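Summary of the model geometry
For reference, the chains in residue letters:
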Amino acid sequence: MRPLPPEFYLDPVTHVARALLGQRLVRRLEDGRRLAGYIVETEAYDGEEDKACHASRGRTPRNAVMFGPPGRAYVYFTYGMHWCLNAVVRPEGQPAAVLIRAILPCEGLEQIAQNRAGRPPAEWTNGPAKVCQALKIDGRLNGCDLTAADSPLVIEPGLNVPQDWIQVGARVGIAYAPEPWRSMPWRFIAHLPVEAYATWEIPAFLRPEARSKKARGR
């Protein structure tokens, strides 16, 4: 399946953040294996005016990818220990990005389990740093083309997420940002109804009913 085209990333960043829900994030390993999951949580960061955005201080070596072509991966290191993945949005020279906060794994589950060893399935990819660890995403992928068929990291067309599945709220982890940026409703979360997990072909042990049964058995 071909990745989403560069044009997908030209819309306003909040539109892209919403549209990325349900799309499939794919990491291709050197041996040809695929690790993948459906995107279920995103946050939008909109240019130099957005005081929560890395671009708010202007262009730096760290954030330079944000100022480049749309559809590139902006991968940055944070807290001295974690990698986070963003998709660059808007035309070149207009820095904006969408943080991929969570996915539902659907391919390469054995390898994902190894990459997140010691963690229960519900905690494999339910945070931005966890997504990167699970899919072996690090700084070597910074700037790679998410729209190129031969790229090691792409976003492919996925499944539709109806509006009534989506929760919208303020972004998290940005206490440093002043208002109104701290409270902008630019976080998008897809909450799948139980019946949707089978349609999305999510493995049974990752579905809510499986987690509930495990919790009751403790």
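Keep in mind the model is a prediction, meaning the values are calculated, not measured. (Residues numbered from 1 in each chain as written. Predicted model: local features only at pLDDT ≥ 70, side-chain atom pairs only at ≥ 80, totals over all residues. Heavy atoms only, no water.)

The next point concerns the overall build of the chain. For the chain, the count of helices and strands is five helices and eight strands. The N-to-C order of helical and strand elements in the chain reads α-β-β-β-β-β-α-α-β-β-β-α-α. Taking 17 Å as the expected radius of gyration for a compact globule of 218 residues, we find that the chain reaches 17 Å, a close match to that expectation. Considering only C-alpha atoms, the chain reaches an extent of 50 × 40 × 35 Å along its principal axes. For the chain, the residues scored as buried account for 50% of the 218 residues in total. If you take every contact in the chain between residues at least 6 apart in sequence, the share linking residues at least 24 apart comes to 62%. (Helix = DSSP H or I, 4+ residues; strand = E, 2+ residues; numbered from the N terminus. Rg over C-alpha atoms; globule rule 2.2 N^0.38 Å. Buried < 20%, exposed > 50% of the residue type's maximum accessible area, 1.4 Å probe, protein only. Contact = heavy atoms within 4.5 Å.)

Moving on, we come to the confidence of the model for the chain. Detailed reading of predicted coordinates is not advised where the pLDDT is low. Here the chain shows a mean pLDDT of 93. Residues at 70 or above account for 95%. This stretch, residues 212–218, has a pLDDT under 50; its non-local contacts, to residues over four places away or in other chains, come to zero contacts. (pLDDT = per-residue confidence, 0-100.)

Before going further, it helps to examine the nonpolar core. In terms of nonpolar packing, the biggest core is built from 56 residues, with L20, L25, L85, L153 and L192 touching the most fellow members. Here this core gets seven residues from one element, more than from any other, and that element is strand β5 (residues 96–107). Those residues in contact with L192 that sit more than four places away from it in its chain are V40, L104, W165, Y197 and W200. (Core = buried A, V, L, I, M, F, W, Y, C linked by side-chain atoms within 4.5 Å.)

The next thing to look at is the layout of surface pockets. In this structure, the largest pocket encloses a volume near 480 Å³. What lines the largest pocket is a set of 25 residues, among which Y76, T78, Y79, C84 and G173 lie closest to the centre. Of all the elements in the fold, those that place two or more residues in the lining of the largest pocket are β2 (34–46), β3 (73–78), β4 (82–88), β5 and α3 (128–135). Classifying every residue of the lining of the largest pocket gives 15 nonpolar, six polar and four charged. (1 Å grid on protein atoms, 1.4 Å probe; cavity = no way out; pocket = protein on both sides within 12 Å on 5 of 7 lines; lining within 4 Å. Points joined across faces, edges and corners; volume = space filled by probe spheres on them. Nonpolar A, V, L, I, M, F, W, Y, C, P; charged D, E, K, R; others polar.)

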